[in-house]
Amino acid sequence: MCKIFVRADPTLYETTTRSMRLHGVVTSIRLENLFWQVLGEIGQRDAMNINQLITKLYDEVTEARGEVQNFTSFLRVCCLRYLSLQISGGIPGDVSVPIWSLDANAVLAREHAAFEPPARAI
């Protein structure tokens, strides 16, 4: 079982640090290369580069929730949720379909239902 994971190309889990500006403030983000690839795909779907996507995610999460304690972890979870939602059909696998065109409430409801424990029989 573990051979699938152990024999993965090591460049996938090597980290890369990228410097960028978030509203004029220089910051750096360190992620594994596979996460950078997934962020690139997410951004491409909405005609954004990675920096534009990260800025948009930062703006929207801070508007919705306030300051994020660990933004890098938030980005990793975004990538995992993106892939999970593709597998479950919440986000089309066709990368030509922009994320902005999806019904976010329907996607979130479907995701929530998938993780909701089944009702116990009485």
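Everything below is about the structure shown above.
Given the structure is predicted, the values throughout are model-derived calculations rather than measurements. (Residues numbered from 1 in each chain as written. Predicted model: local features only at pLDDT ≥ 70, side-chain atom pairs only at ≥ 80, totals over all residues. Heavy atoms only, no water.)

Moving on to the nonpolar core. By size, the foremost hydrophobic cluster in this structure holds 22 residues, and its most contacted members are Ile29, Leu31, Trp36, Leu39, Ile54, Phe71 and Leu75. If we skip the residues at most four places from it in the chain, Leu31 touches Glu14, Thr15, Thr16, Trp36, Leu39, Thr72, Leu75 and Arg76. (Core = buried A, V, L, I, M, F, W, Y, C linked by side-chain atoms within 4.5 Å. Buried < 20%, exposed > 50% of the residue type's maximum accessible area, 1.4 Å probe, protein only. Contact = heavy atoms within 4.5 Å.)

Another aspect to go through is helix H3 (residues 50-65). With 16 residues, H3 ought to run about 22 Å at 1.5 Å a step, and its terminal C-alpha atoms sit 22 Å apart, in line with that. Considering only its buried residues, H3 is in contact with strand S1 (15-22), strand S2 (25-32), helix H2 (33-45) and helix H4 (71-88). The distance from a side-chain oxygen at the start of H3 to the backbone nitrogen of Asn51 is 3.0 Å, and the residue carrying that oxygen is Asn49. Remark: Gly66 follows H3 within two positions and exhibits a positive phi of approximately 85 degrees. (Helix = DSSP H or I, 4+ residues; strand = E, 2+ residues; numbered from the N terminus. Expected span 1.5 Å × (residues − 1). Polar contact = N/O pair within 3.5 Å; in protein donor to acceptor, adjacent residues only side chain to side chain.)

Take the side chain of Arg45 next. By the secondary structure assignment, Arg45 is in helix H2. At 3.0 Å, the side chain of Arg45 forms a polar contact with the backbone oxygen of Pro92. Residues contacting Arg45, with those up to four places away along its chain left out, are Tyr82, Gln86, Ile91, Pro92, Asp94, Val95, Val97, Pro98 and Ile99.

Any functional reading would require information that these geometric values do not contain.
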